[in-house]
Amino acid sequence: MADKNVVILISGRGSNMEALLEANLPARVAAVISNEPGARGLDAARRRNLPTAVVDHRAFGNRAAFDAALANEIDRHSAHLVLLAGFMRILTAAFVRAYEGRLLNIHPSLLPAFPGLDTHRRALQAGVRIHGCTVHFVTVELDHGPIIIQAAVPVLPDDTEDALAARVLNEEHRIYPQAVRWFCEGRLSLTPDGRVGIACAPAPMHALISPPAET
Ligand code: GRF
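Thresholds, definitions, all that
Residues numbered from 1 in each chain as written. Predicted model: local features only at pLDDT ≥ 70, side-chain atom pairs only at ≥ 80, totals over all residues. Heavy atoms only, no water. Near = heavy atom within 4 Å. Polar contact = N/O pair within 3.5 Å; in protein donor to acceptor, adjacent residues only side chain to side chain. Areas by Shrake-Rupley, 256 points an atom, 1.4 Å probe, with all protein chains shown as cover. Nonpolar A, V, L, I, M, F, W, Y, C, P; charged D, E, K, R; others polar. Buried < 20%, exposed > 50% of the residue type's maximum accessible area, 1.4 Å probe, protein only. Helix = DSSP H or I, 4+ residues; strand = E, 2+ residues; numbered from the N terminus. Phe/Tyr/Trp six-rings, centres within 6.5 Å; stacked < 30°, edge-to-face > 60°. Lys NZ or Arg CZ within 6 Å of the ring centre and 35° of its normal. Contact = heavy atoms within 4.5 Å.

Observations regarding the site of the ligand
Line of reasoning, step 1. Surrounding the ligand, one finds Arg-13, Gly-14, Ser-15, Asn-16, Gly-86, Ile-106, Pro-108 and Glu-172.
Line of reasoning, step 2. Contacts to the ligand include Gly-14, whose backbone N or O atom sits 2.8 Å from an oxygen atom.
Line of reasoning, step 3. In this structure, an oxygen atom belonging to the ligand sits 2.5 Å away from a side-chain N or O atom of Ser-15.
Line of reasoning, step 4. Contact with the protein chains removes 85% of the 370 Å² of surface that the ligand exposes when unbound.
Line of reasoning, step 5. Here the shell around the ligand is composed, by residue class, of two nonpolar, four polar and two charged.

Structural data, given as structure tokens:
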């Protein structure tokens, strides 16, 4: 089976992109595209001699025009799979529908809790004991698509937003490559009720209890 062409969309640091690049996936990263000309992740991609492109949202009068230009750039690379990796633009329904089933996102919370921005601050404010991250198929409703994999981490009593974000980010770097590997291996399917099936999924771990139960 020929490797799938993957296009990665970033807006900033690009640490999830780097985790994907380092994971030795059965995929060819055809391009890294950013809406931010100064995105740090672009430098990392260039250092690896990957094709990069910038589609600056400021150059377009509305979301539809930006999304059309973005789609145009993605399609130049014959993408089988499009990965949002810290891509901080809301996409139009038309864009999402064009890539439905082959557009993934990583979100720094245990969806459906805390969709949107500032997830770590909101988790601390809510006093949750367990927080985490989610890889999901992107659908028209923001941060609501079918869930592929999640990682949970404990929230510690003295956590700052940064400390919690770092703990979650470590897990993002593990679960995003895993989800993409499953996709590339053709092991993901959507069930009629909108959930994700994983062929030969590994057995789940037992519970993460936070703080641990004493008995
Ligand atoms: C990650 O926490 C990702 O989940 C969120 O934005 C952050 C991007 O980080 N959507 P990076 O650019 O991948 O380092």
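Brief notes about helix H1 (residues 15-22)
Line of reasoning, step 1. Burial of H1 is extensive: six of the eight residues sit out of reach of the surface.
Line of reasoning, step 2. Listing the buried residues of H1 in full gives Ser-15, Asn-16, Met-17, Ala-19, Leu-20 and Leu-21.
Line of reasoning, step 3. Just past H1, the residue Asn-24 takes up positive phi, approximately 55°.

Digging into the packing of aromatic side chains
Line of reasoning, step 1. Counting across every chain of the model gives two aromatic pairs.
Line of reasoning, step 2. Note on Phe-95 and Tyr-99: the rings are 4.8 Å apart at their centroids and 40° apart in plane angle, and the pair reads as tilted.
Line of reasoning, step 3. Judged by relative accessible area, Phe-95 falls into the buried class, the value being 3%.
Line of reasoning, step 4. For Tyr-99, a relative accessible area of 1% translates into the label buried.
Line of reasoning, step 5. We note Arg-89 situated over the ring of Phe-66; from NZ or CZ to the ring centre the distance is 5.9 Å.

Quick notes on the side chain of Asp-67
Line of reasoning, step 1. Here Asp-67 lies in helix H3 (residues 63-76).
Line of reasoning, step 2. Ignoring sequence-local partners within four residues, the contact set of Asp-67 consists of Leu-91, Thr-92 and Phe-95.

Concerning the environment of Ala-165
Line of reasoning, step 1. Inspection of the secondary structure puts Ala-165 in helix H6 (residues 161-184).
Line of reasoning, step 2. The class for Ala-165 is partly exposed, based on a relative accessible area of 21%.
Line of reasoning, step 3. Put simply, Ala-165 and Cys-133 are 32 residues apart on the chain and 10.0 Å apart in space, counted from C-alpha to C-alpha.

Remember that the coordinates give geometry; whether it matters functionally is a separate question.
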